[in-house]
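Observations on chain architecture
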Amino acid sequence: MDAGEASELHAQLAAAVHALNHDANPSARLAANQWLLALQRSPQGWAVATALLAAPDPPPPADLLFFAAQMLRRKIQSPGPALPGAGLAPQLLDALLLAARRFSAATAPRQLLTQICLALSALALRAEGGVDGLFARMPHLPAPAVLELLTVLPEESAQDQAGDTGVDAAARCRFTRELLAHAPAVIEFLHSHSEKVPADDDGVPLHERNRRILRCLLSWVRVGCFSETPSAALATHPLLTFAFNSLQVSFSFDVAIEVMTELVSHHQELPEAFLSKMPYIREVLLLPALTNRSEKIIAGLACLMCEVGQAVRFLSLYFKRLKAPALVAEGGSQALALTDALLRCTLAHFILGIDVKTTKRNAAQELFLPVFSSLLDALLFRAQIDTDEHGADGAPCMPDGLAQFRMNLEELLVDICLLLGAPAYINKLFSHGWDFSSQSVPWKEVEVRMYALSMVSLSSHFVYKSFGDVIGSYSKWLSSSQSNIKPLLLFCASGISTSVSSNACSLALRKLCEDASPFIHEPQNLEILFWISEGMDKGNLRLEDEEEIVTAITQVLGSVRDKELRKSSLARLLCSSYSAVEKIIDIDRDYSLRQNPATYTQSLDLAVRGLYRMGALFRHLSTSITSGLVDDDIILVLLGIFWPLIEKLFRSSHMENVNLSAAVCRSLSSAIHSCGQHFHMLLPKVMECLSTNFLLFQRHDCFLRTAGSVIEEFGHKEEYGALCVRTFETLSSASSISTLNSSYTCDQEPDLVEAYMYFTSMFIRCCPKEAIIASTSLLELSFQKAAICSTAMHRGAALAAMSYISCFLEVVLAAVLESPECISDGSPGVALIQILARCGEGLLSNVLYALLGISALSRVHKSATILQQLAAMCSFCERTTWKAVLSWSSLCGWLQSTVKSLPSEYLKQGEAEMIIPLWLKVLEDAGSDYIHSRTGDNIANHQVYMQGKGGRTLKRIIRDFAESHRNAPTPCPS
């Protein structure tokens, strides 16, 4: 191939990759995919791909480089004699190593380095001495490239990988042996990097570097890197400690759990080493997760503990093999740690789902019945009082250790009773059938079983829970006497502090405050409420319970008659959540406070809870604002406390935490919706904070959603038009938004797509006409992205995109109906209808593609709505001066072009010729129904336009089309 041919081929390749990733026309993307597959199979593919990776600076676009690396990997993995000649293989190795060095910087796309390393791994698997040769060259690579290469290398040991069937089992075994020969060096490399002081030389943040180290360690554990390590040395290995410490960091928790689980499954000696860590796992990780209902952490810990017990299904066998009942009976501290942690981990999902999935829960309970039964026997035996123990005065006594053991048993016995059920629990306690007539009374057994019964039958947990339910049901009657209020409030306060009864008592408190607000205004009663609110700082309650409590207290304080007391009380309630949030800001000032991951994680959690409580206060303050009890002075005082704190958080580094940023945004949205006009002076700062943080943390869709909420609240005011436009421009400049140009990308970031579509819908629906005209180019880009996203496989992302398209069409039609014979350059209708004229064919094409495949039926209604709106627009413009821009012939041309461009395998024989006239006729009738619903006396009921005969017929044929094409090939290549 001469230079001219190579240059032409490179240009064709660049055009095809760009079309695949960015073209709005599905048929163009399909054609590009077919051309790229042909190139990948051709002999020229080797030279083309290596030349792209070695291209001089500035390098080609990232998507082109990614395709080149991916093509090399796939060609190497192709079965048969796909590799180039022996003389070219070293050149290919050199080219890939050079590319790995070049694209290992933090600024380069991470996926590109991964593809290059996957290609190197595939090459090492197939080349004689490939592993040793690759390890010999690694010292010349930067650390990020070495880490990524070491991560993917062991993955080649797995047999029958998708798309990689050209290597037999013997070759993989050889490859694995060669890998394990280098395991000591790899372990030392990971150890040194796990202890390396954070530096900026590679540009990788510390938490991301640690996560990559864990991913690499996971790959090597799976391939057996510690198989030659003695069990005693492994239990104390620094990398095991590193993985355990990483459990305390939310960013790396999931990978750390996988590492620990794999280690336990590969090394049977490790479970015993875990016993000493059980109290720590319980107190620092599990109990806070249960309180917060953090399913990710609970599921991870449950998975780890199940692996310790050799999987949940064989947990009974685990108890027997480790002699767990005997270990418990011996009474050691590790025994209690084992039973407590194991029981709580296995119960976690049950406790969380106590009100749902009854069938599944009952089946699981039946499976675990032998485990809990054996455990209960062992616990009762260990809890018996030794009658030979006597105090200094000679009287029988209970040793301090046994008393402490019994105190720790209370919650365990309650949990067992909850899962076994009271009848089974009681039957277990009294199923021994003592014969008192023929032998002395076994008082030790009698006493310990009475003790176990008293722990559940007289336990304050159940008393509070049951009585809390009663208070909630009869609150109006119970609170009719003022003398009852204080005892009832004190009872609720005590019950809220206990996990079993917190939900019932928080609900009872809300009902009590709703029905007895006038009686609760007494100072002593208000103090009880403040005591309850300040107790929530401990973080022991579920978020739902905290919201119930804040709702209850806000309702009472918002109706206090004395204005000054009302103002100071609401400010005090807000400040009760203030301190938890302020502590996280203090950590931002003093970086040393972040060095303890457990403390930092706990502080983050408490701050998130405080923010949710603040949001709950503002949400439930709206009723008092509407009634006039909360006036401007009070609102300004509350905002004076709230906004400075929120602004400090927005400008802190903690916003990288997705839970904290979501809590900040939710709290801010609640305050904006409740306080409304009082936020107008703060709007520029609010929008600047949201925009800046979205550019910094572009996967946090909460910033987009909150910006949309602000526009929904204030966008209609002309004085904020310029602010809305600036915000739109800033958010649209984010790379995460710019890359939403293919259905594949949309499927990777569905939450971001939904948030972006919500923001653009609010913008076009709420902003004044000047803002619409100023944002024409941004709206056109957003419309094109929405059309592409409507073909995404992810249902939520696709429907959100279709909702925005429908909103866009609604606004355009409203503008056209408002001025049917007047086309003014300053009219937003002109700008929007020109967008529609330019993008209409792409829209129709994407809607049609959205109706192909297995996921199409969920999009029938939205698709029919869009097509009806589009038909109404074109039909109406045909009869007005707007015809110069858009007409019925426009729709006819779009439909004909779209149907004819569909590949033959998507349509049946003769279907294309039948669809066009049938659909045009139905679209014409449906469009008339829509216009009729928007004119005259029908405008108030325009949302029922699909009920017209034409609309119903259109929806039926769309549904029939989708059902008959459910087995069509995937319309857009992934």
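From a predicted model like this one, the values you see are computed outputs, not experimental measurements.

Within the protein one finds 48 helices and zero strands. The proportion of buried residues among the 974 residues of the protein is 52%. Long-range contacts, defined as pairs at least 24 residues apart, comprise 74% of the intrachain contacts of the protein with a sequence gap of at least 6. Within the structure as shown, the protein displays about 42600 Å² of accessible surface, and the carbon and sulfur contribution to it stands at 56%.

All right, on to the nonpolar core then. Among the nonpolar cores identified, the biggest contains 178 residues, and L509, F650, F679 and F763 are the most heavily contacted of them. Membership of the second largest hydrophobic core comes to 92 residues, among which are M138, A183, C225 and I257.

It is worth spelling out the environment of L180 at this point. With respect to the helices and strands, L180 occurs in helix α9 (residues 169–181). The spatial distance from the C-alpha of L180 to the C-alpha of P154 is 9.3 Å, given a sequence separation of 26 residues. The residues contacting L180, other than those within four sequence positions of it, are V223, G224 and C225.

Another aspect to go through is unusual backbone geometry. Backbone torsion omega between D57 and P58 reads -5°, so that peptide bond is classified as cis. Here P58 is to be found in the loop between α3 (44–53) and α4 (62–77).

Quick look at helix α44 (residues 828–850) now. Residues spaced three or four apart along an α-helix face the same direction, because each turn holds 3.6 residues. Along its length, α44 reaches its greatest deviation from straightness, about 60°, at C839. Of all 23 residues making up α44, 18 are buried, and the element is well covered by its neighbours.

It is worth spelling out the packing of helix α2 (residues 26–41) against α4 at this point. Packing of α2 against α4 brings their axes to within 10 Å, and their N-to-C directions diverge by 50°. In terms of axis orientation, α2 runs oblique to α4. Classified by chirality, the crossing of α4 by α2 is right-handed. Residues L36, L39, Q40 and R41 of α2 form the contact with α4, whose own contacting residues are F67, M71, R74 and K75. Residues that form the contact of α2 with α4 fall into these classes: four nonpolar, one polar and three charged.

Here we come to the environment of L217. Mapping L217 onto the fold places it in helix α11 (residues 206–223). Judged by relative accessible area, which is 2%, L217 ranks as buried. Measuring from C-alpha to C-alpha, the distance between L217 and A256 comes to 9.5 Å, with 39 residues separating the pair along the chain. For L217, the residues in contact, after removing those within four places along its chain, are L190, F226, L239 and V259.

On to the confidence of the model for the protein. Across the protein, pLDDT averages 80, with 79% of residues at or above 70. Note on residues 348–357: pLDDT is under 50 here. Beyond four places in sequence and across chains, it has 17 contacts. Contacts from residues 970–974, a stretch scored under 50 in pLDDT, to residues over four places away or in other chains number 14 contacts.

Per the stated rule, a full pass over the model turns up zero disulfides. C702 takes part in no disulfide bond, and the closest cysteine sulfur, belonging to C665, lies 3.7 Å away. Take C702: its relative accessible area is 11%, and that puts it in the buried class.

Mapped onto the elements, S603 comes out in helix α32 (residues 597–627). The residues touching S603, leaving out its near neighbours within four places in the chain, are I584 and I587.

We now examine the packing of aromatic side chains. Aromatic ring pairs are reported here in terms of the distance separating the ring centres and the angle at which the planes meet. Applying the stated rule across the entire model yields eight aromatic pairs. A ring pair is formed by F618 and F642, whose centres lie 4.9 Å apart and whose planes are at 65°; its orientation type is edge-to-face. With F618 in helix α32 and F642 in helix α33 (residues 632–650), this residue pair connects regions lying 24 residues apart in the sequence. Centroid distance F728 to F759: 5.6 Å. Interplanar angle 65°. Geometry classified as edge-to-face. Of this pair, F728 sits in helix α37 (residues 721–732) while F759 sits in helix α40 (residues 750–766), and the two are 31 residues apart along the sequence. An identical accessibility class is assigned to F728 and F759; each is buried.

On to the pattern of salt bridges, then. Applying the stated criterion across every chain yields a total of 31 salt bridges. As a salt-bridge pair, R956 and D960 come within 3.7 Å of each other at their nearest N and O atoms. Taken together, the residues span about one helical turn, with R956 and D960 both in helix α48 (residues 949–964) at a distance of four residues. Through salt bridges that share partners, R110, E148, E208, R212 and R215 make up one connected network.

This part covers the environment of C689. Position of C689 among the secondary structure elements: in helix α35 (residues 683–696). Distance in space between the C-alpha atoms of C689 and K648 is 10.0 Å, their sequence separation being 41 residues. Leaving out residues up to four positions away in the same chain, C689 has contacts with W643, E647, F650 and R651.

Here is what the cut-offs are and how they apply
- Residues numbered from 1 in each chain as written.
- Predicted model: local features only at pLDDT ≥ 70, side-chain atom pairs only at ≥ 80, totals over all residues.
- Heavy atoms only, no water.
- Helix = DSSP H or I, 4+ residues; strand = E, 2+ residues; numbered from the N terminus.
- Buried < 20%, exposed > 50% of the residue type's maximum accessible area, 1.4 Å probe, protein only.
- Contact = heavy atoms within 4.5 Å.
- Areas by Shrake-Rupley, 256 points an atom, 1.4 Å probe, with all protein chains shown as cover.
- Core = buried A, V, L, I, M, F, W, Y, C linked by side-chain atoms within 4.5 Å.
- Bend = angle between axes of the 7 residues up to and from the residue.
- Axes fitted to C-alpha atoms, helices over the stretch in contact; angles between N-to-C directions.
- Parallel < 35°, antiparallel > 145°, perpendicular 65-115°, else oblique.
- Left-handed = near helix turned anticlockwise from the far one by under 90°.
- Nonpolar A, V, L, I, M, F, W, Y, C, P; charged D, E, K, R; others polar.
- pLDDT = per-residue confidence, 0-100.
- Disulfide = S-S within 2.5 Å.
- Phe/Tyr/Trp six-rings, centres within 6.5 Å; stacked < 30°, edge-to-face > 60°.
- Salt bridge = Lys/Arg side-chain N within 4 Å of Asp/Glu carboxyl O.

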